[in-house]
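# Fold and geometry: a report
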Amino acid sequence: MTTEAIRHDHTQASGTLPFLRFPDPARLFLERSRRFAALAEGHSLADWLLFLGRLTLAQHELLQAYPSLPLPDEAALSFFRNHGLPPISATAWPRDPCWREALNSLAQTLMAHAPSPAQETLKRIRTMDGAALEAIADQVLRGEFGGPDRDSIPFVAAALQVHWTSLAVELDPRAVAPLDTPGLCPCCGFLPVAGIVRMDGEIAKLRYLHCGLCNTEWHLERVTCAACREGNRIAYRYLDGCDGTVRAETCDGCKRYLKILYREKAPEADPVADDLATLALDLLVDEAGYDRMSPNLLFVP
Ligand SMILES: [Zn+2]
Ligand SMILES: [Zn+2]
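Every value quoted in this text rests on a predicted model; they were computed, and no experiment measured them.

Conventions we followed
- Residues numbered from 1 in each chain as written.
- Chains lettered and ligands numbered in written order.
- Predicted model: local features only at pLDDT ≥ 70, side-chain atom pairs only at ≥ 80, totals over all residues.
- Heavy atoms only, no water.
- Helix = DSSP H or I, 4+ residues; strand = E, 2+ residues; numbered from the N terminus.
- Polar contact = N/O pair within 3.5 Å; in protein donor to acceptor, adjacent residues only side chain to side chain.
- Contact = heavy atoms within 4.5 Å.
- Phe/Tyr/Trp six-rings, centres within 6.5 Å; stacked < 30°, edge-to-face > 60°.
- Buried < 20%, exposed > 50% of the residue type's maximum accessible area, 1.4 Å probe, protein only.
- Donors = N, O, S within 2.8 Å, 3.2 Å for Na, K, Ca; no water.
- Tetrahedral: all angles 85-135°; square planar, octahedral: opposite > 155°, others 65-115°.
- Salt bridge = Lys/Arg side-chain N within 4 Å of Asp/Glu carboxyl O.

Counting through the fold element by element, Glu249 comes out in strand 7 (residues 246-251). A polar side-chain atom of Glu249 sits 2.3 Å from a polar atom in the side chain of Tyr236. Dropping the residues within four chain positions of it, Glu249 is found in contact with Arg207, Val223, Thr224, Cys225, Ile234, Ala235, Tyr236, Arg256, Tyr257, Leu258 and Ile260.

What follows is the structure in structure tokens.
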């Protein structure tokens with residue numbers, strides 16, 4: 001593993017540069033699905049990555065036909081903004097039960113492609129009642145990944161990702177303000193799955209954090225720990241022999257890390273797919289004494 005220590009960079013998204021970047025609902029999961037398939041080629045976890053590509057394609061199809069759901073009204077949006085609260089909070093915004101229909105449909109679609117242990121899990125999901133599924137959803141949205149139903153978590157989470165993405169893309173960016181905690185999504189308050197250094201036009205070289213739930217991205221200056229905001233004890237670690245597309249930003253202030261993707265190295269890199277294709281980096285960073293700051297909802301360690 002190679003380690004580079006880098007000093008704090010105060011480059012800010014200012015002026016006309018957007019603080020928020022909402023996902024494109026027509027492309028987000030479709031491109032993620034293609035990226036999973038590309039990363040699977042020659043990979044030791046190819047079957048699993050291909051299956052996640054199928055799952056992501058099912059997410060794409062669900063999102064294209066997702067019902068339009070109510071959002072907070074003007075008064076509520078202003079209340080949230082003034083109190084530093086996310087408008088479609090993962091844990092507080094009422095969850096329309098339609099997400100369970102999405103989960104059922106996802107389970108049905110995936111059954112034909114799933115390896116046998118996952119087939120058992122998908123069958124079980126389809127027989128669970130609403131209360132049991134809502135309890136697992138509560139657990140996922142609190143970031144807890146234990147318990148007897150842990151095998152069902154990636155599927156429940158996949159349906160919740162579609163649900164929250166459908167809400168996020170309808171938000172007016174002017175209604176969303178940065179939170180006091182820069183490491184939480186300003187839309188839903190969930191944790192970032194990874195950071196991404198973009199290469200598109202005016203926002204080239206800026207770092208955005210990518211929400212693990214609603215897929216919104218928000219700006220955080222580079223070389224800053226997303227967990228504790230430390231800027232001077234940051235280092236970047238990557239696997240020897242890799243092209244450096246994915247690096248772990250480690251912090252010696254809080255001993256946590258978040259992966260960062262560099263789009264200049266791979267323009268099609270995706271925060272969810274590239275994260276899961278580089279679990280070897282997590283093992284090395286874990287051995288070096290750092291805890292992962294946030295989960296990837298499609299994977300239960
Ligand atoms: Zn979010
Ligand atoms: Zn830190």
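Counted under the stated rule, the structure contains three aromatic pairs. Aromatic pair Phe51 and Phe155: ring centres 6.2 Å apart, planes at 70°, arrangement edge-to-face. Of this pair, Phe51 sits in helix 2 (residues 46-64) while Phe155 sits in helix 7 (residues 153-168), placing them 104 residues apart in sequence. Neither Phe51 nor Phe155 differs from the other in exposure class; each is buried. Judged by centre distance (6.0 Å) and plane angle (70°), the ring pair of Phe79 and Phe80 falls under edge-to-face.

Within the protein, the atoms that donate to the zinc ion (ligand 2) are Cys225 (SG), Cys228 (SG), Cys251 (SG) and Cys254 (SG), at distances of 2.3 Å. Of note is the zinc ion (ligand 2), whose four donor atoms meet at the metal with angles of 105 to 114° in an arrangement that counts as tetrahedral. Written as a sequence motif, the donor residues of the zinc ion (ligand 2) are C-x2-C-x22-C-x2-C. One end of the pair, Cys228, is in the loop between strand 5 (217-219) and strand 6 (234-238); the other, Cys254, is in the loop between strand 7 and strand 8 (256-262), and 26 residues separate them in sequence.

With that out of the way, let us pick up the pattern of salt bridges. This model, assessed by the stated rule, comprises 21 salt bridges. With a shortest N-O distance of 3.7 Å, Arg21 and Glu217 are connected by a salt bridge. Here Arg21 is found in strand 2 (residues 20-21), whereas its partner Glu217 is found in strand 5, with 196 residues between them in sequence. By relative accessible area, which is 4% here, Glu217 ends up buried. As a salt-bridge pair, Lys259 and Asp275 come within 2.7 Å of each other at their nearest N and O atoms. On the criterion of sequence distance, the pair formed by Lys259 in strand 8 and Asp275 in helix 8 (residues 271-276) is long-range, its members being 16 residues apart. Taken as a pair, Lys259 and Asp275 share a single burial class, namely buried. Through salt bridges with shared partners, one network takes in Arg95, Arg100, Glu134 and Asp138.

Purely geometric numbers; function is a separate question.
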